[in-house]
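A look at the structure
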Amino acid sequence: MAKELTVFQKLEQQIEQLRQQIERLNVSEEQFQDWFDGQLFKTTHSAPEQYCDELAYNLRQLERGQGNAQQEWLALRIEQQMLALSRAVTFFQRR
């Protein structure tokens, strides 16, 4: 019987899928960054796939569990970041 994946493992897989999709799109950072509110991601990314790095970092922080308020904030942040990245990827795939 296959071992069930944890929520964190499933999210890691989804982030990796997003990374692969972004890399296949081959869009410039300038095209990609305009998709996001300035507060959603750090503005120091020089390549679109680095948004996935930030997302993975946030997921690791959530997994470590740093208090309820921090975990709630991180969970919401991860959800918003994944949704924004998914929308951007879908847009660029349809172009």
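Going by the structure above, here's the rest.
Sequence order as written defines the numbering, with residues in each chain counted from 1. Under the rules for a predicted model, residues below a pLDDT of 70 receive no local features and side-chain atom pairs below 80 are neither given nor counted, while totals for whole chains, interfaces and linings still include all residues. Excluding hydrogens and water, the side-chain figures rest on all heavy atoms present in the structure.

So, about the packing of aromatic side chains. Working definition: a ring pair exists when centres of Phe, Tyr or Trp rings (six-membered ring for Trp) sit within 6.5 Å. Plane angles under 30 degrees give stacked, over 60 give edge-to-face, the rest tilted. Enumeration over the complete set of coordinates arrives at nine aromatic pairs. Geometrically, the ring pair formed by phenylalanine 41 and tyrosine 51 is edge-to-face, given 4.8 Å between the ring centres and 90° between the ring planes. Note that phenylalanine 41 is positioned in the loop between α2 (29-33) and α3 (50-64) and tyrosine 51 in helix α3, a separation of 10 residues in sequence. Its relative accessible area of 4% is what places phenylalanine 41 among the buried residues. Exposed residues in this analysis have more than 50% of their type's maximum accessible area, buried residues have under 20%, and partly exposed residues fall in between, with area computed by a 1.4 Å probe over protein chains only. For tyrosine 51, a relative accessible area of 3% corresponds to the buried category. Secondary structure elements follow DSSP: runs of H or I of four or more residues count as helices, runs of E of two or more count as strands, with numbering from the N terminus.

Take a side-chain nitrogen of Lys or Arg and a carboxyl oxygen of Asp or Glu: if they are within 4 Å of each other, that pair is a salt bridge. This model, assessed by the stated rule, comprises two salt bridges. Between arginine 19 and glutamate 16 there is a salt bridge whose closest N-O contact spans 3.4 Å. In this pair, arginine 19 and glutamate 16 are both assigned in helix α1 (residues 7-25), three residues apart and thus about one turn of the helix distant. According to the relative accessible area criterion, glutamate 16 is partly exposed, its value standing at 37%.

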